[in-house]
Each structure stands twice: as C-alpha cells, then as structure tokens.
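These are the residues of each chain, in order.
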Amino acid sequence: MQSLKMALKSLAGNKLRALLTMLGIIIGVMALVVLVSLVNGATSSVTDAVSDLGSDLLTVTVSDDKGNPVKLSTLTEWSEEEEIGGIAPSASTSATVKYSSDSDEITVYGTTPSYYDVEELNLVLGRFLKTTDVDNNNYICVINETTATDLIGYLNCVGEEISLDGMKFTIVGVLEDNDSSLTSVFSSGSMVAYIPYTTLLRLSSSVSTDIT
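Residues numbered from 1 in each chain as written. Predicted model: local features only at pLDDT ≥ 70, side-chain atom pairs only at ≥ 80, totals over all residues. Heavy atoms only, no water.

Chemist: Just checking my understanding: could you explain the overall build of the chain for this structure?
Modeler: A tally of regular secondary structure across the chain gives 8 helices and 9 strands. With 212 residues in all, the chain has 29% of them scored as buried. Of all intrachain contacts in the chain linking residues separated by at least 6 positions in sequence, the fraction that spans at least 24 positions is 69%. With an accessible surface of roughly 13,300 Å², the chain has 54% of that area assigned to carbon and sulfur atoms. (Helix = DSSP H or I, 4+ residues; strand = E, 2+ residues; numbered from the N terminus. Buried < 20%, exposed > 50% of the residue type's maximum accessible area, 1.4 Å probe, protein only. Contact = heavy atoms within 4.5 Å. Areas by Shrake-Rupley, 256 points an atom, 1.4 Å probe, with all protein chains shown as cover.)

Chemist: I'm lost on the confidence of the model for the chain in this one. Help?
Modeler: Segments scoring low in pLDDT should not have their predicted coordinates read at a detailed level. When pLDDT is averaged along the chain, the result is 81, and 79% of the positions lie at 70 or above. Low confidence marks residues 182–187, where pLDDT is under 50. Its contacts with residues over four positions away, or in another chain, come to 11 contacts. (pLDDT = per-residue confidence, 0-100.)

Chemist: Hey, could you run me through helix 6 (residues 145–152) in this one?
Modeler: One full turn of an α-helix is made of 3.6 residues, so residues set three or four places apart face in the same direction. Restricting attention to buried positions, one finds in helix 6 the residues Thr146, Thr147, Ala148, Leu151 and Ile152. Considering only its buried residues, helix 6 is in contact with strand 2 (89–99), strand 3 (102–111), strand 5 (140–144), strand 6 (161–164), strand 7 (167–175) and strand 8 (192–196). Downstream of helix 6 by one or two residues, glycine 153 has phi in the positive range, about 110 degrees.

Chemist: Even after reading the chapter, I still don't get the environment of leucine 201, so can you show me in this structure?
Modeler: Mapped onto the elements of the fold, leucine 201 is located in helix 8 (residues 197–203). Given the relative accessible area of 38%, leucine 201 is considered partly exposed. Residues leucine 201 and asparagine 137, 64 residues apart in the sequence, show an inter-C-alpha distance of 9.5 Å.

Chemist: What's the story with a negative patch on the surface in this structure? I'm lost.
Modeler: Taken together, the side chains of Glu77, Glu80, Glu81, Glu82 and Glu83 present a region of like negative charge at the surface. Given the relative accessible area of 51%, glutamate 77 is considered exposed. (Patch = residues over 30% accessible without salt bridge, like charges linked within 9 Å, V, L, I, M, F, W, Y side chains within 5 Å. Salt bridge = Lys/Arg side-chain N within 4 Å of Asp/Glu carboxyl O. Lys, Arg positive; Asp, Glu negative; His and termini not counted. Charge placed at Lys NZ, Arg CZ, Asp CG, Glu CD.)

Chemist: Explanation requested: the nonpolar core in the structure shown.
Modeler: If you look at soluble globular proteins, the nonpolar side chains tend to sit buried side by side. Among the nonpolar cores identified, the biggest contains 22 residues, and Ile106, Ile143, Ile162 and Leu164 are the most heavily contacted of them. Elements with a contribution of two residues or more to this core: strand 2, strand 3, strand 5, helix 6, strand 6, strand 7, strand 8 and helix 8. A per-element tally of this core places strand 2 first, with 4 residues. Those residues in contact with isoleucine 106 that sit more than four places away from it in its chain are Thr93, Ser94, Ala95, Val97, Thr147, Leu164, Met191, Val192 and Ala193. Within the second largest apolar cluster, 13 residues are counted, among which are Val118, Leu121, Leu129 and Val192. (Core = buried A, V, L, I, M, F, W, Y, C linked by side-chain atoms within 4.5 Å.)

Structure follows, in structure tokens:
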C-alpha cells in the first residue's frame with residue numbers, strides 16, 4: 001500500500017510526464033495492433049489466392065531451351081494425354097501502350113485460346129483469342145477492364161486500335177479483372193493485354209515461356 005501511495009503521489013506531481021508516457025504507450029500498442037492486422041490480412045489474401053488456384057494446376061517456366069524450343073505442335077501432342085485436362089503456353093513482356101495522346105506501361109502476354117479455360121478467365125465484352133489468330137500471327141489483342149477504363153476511357157472499346165511498342169493492335173475483347181488470381185494480389189490495378197503467342201514471339205525475342 002505504501003508503494004502504491006508513493007506511485008500515485010509521483011504521478012500527481014508529474015502530470016504532464018505521466019500523460020506523455022501514457023500517450024506513448026497507447027500509440028505504440030495501437031501501431032502494433034494495426035501492423036499485426038495488416039500482416040494477417042495480407043497473409044490471408046495470398047493464402048486464399050493460392051487455394052483458389054487449386055491443386056490440379058501446374059506451371060513450368062522454360063528460361064533456357066538449349067536451342068530446342070517447345071513448339072505449339074508439341075503442346076498439342078501433350079494435350080492429347082489423358083492426364084492433361086488443358087495446356088497453354090504464355091510468354092510475357094512489358095511494352096509502351098498508346099491510345100490517342102495517352103500512353104502508359106502495360107504487361108503483354110502472348111498465349112493461345114486454351115489459356116482462357118486453363119486460367120478460368122471471364123469475358124466482359126467481345127471474344128478471346130482464336131486458333132486462326134495464332135496461326136496467322138494476327139495483330140489483335142484482348143485487354144482487361146483496367147486497361148479499358150484507364151487508357152481508352154470506357155469499357156465498350158471493342159474495335160478500337162491501340163499501339164504496343166509502335167505496332168497497331170485491334171481490340172477484340174475485354175476481360176474481367178480477376179481479383180482472385182495470385183498475380184492480381186501483387187499487381188492489382190495493372191494494365192494487361194493478351195495477344196497471340198506467335199505474334200509476341202515476333203515482337204520480342206527476349207521472353208521466357210511458361211507452360212500451364
């Protein structure tokens with residue numbers, strides 16, 4: 001009791017110091033609680049995204065083909081295996097996208113029609129890539145909602161032309177922004193365009209290929 005009385009007397013004699021000390025402790029505890037909440041939230045988001053990918057999805061990255069690249073005909077042969085439900089190549093690069101007087105950086109993926117089903121994408125407008133687009137190296141693209149609204153200015157932009165590193169591409173479809181994918185956790189709000197796999201290989205030779 002004597003110690004408690006001395007402590008209270010000391011606090012009463014140094015009210016400002018006691019107030020500042022209490023304020024420091026309160027701010028420190030609140031900052032710690034907020035930090036822990038943010039970490040738990042980010043961990044939960046990543047865990048949920050990985051879980052949504054499922055256990056039947058495998059991605060293989062080919063960074064050095066030793067002069068023997070994986071051809072589209074080879075992927076067609078692999079897809080005929082009973083154990084494989086679907087297979088799609090994808091190569092990516094960054095490019096400068098322009099529409100009218102506006103320009104920005106965009107991630108460009110080169111892939112095939114089967115990528116739509118493998119990655120469980122959803123179209124908002126138009127269509128996805130077709131086999132003829134890949135066979136003929138067509139200069140068409142499918143963009144995501146973010147690109148449509150931020151670059152073009154409106155969602156219904158099928159038929160408009162954009163420039164990717166100086167080459168003109170016609171927009172044939174708009175994809176729904178996929179907030180559940182693992183990539184979107186780290187690149188939310190990014191501009192993305194999908195073009196035929198063969199067209200991307202013509203545009204850029206310094207790309208690595210993923211097979212999903």
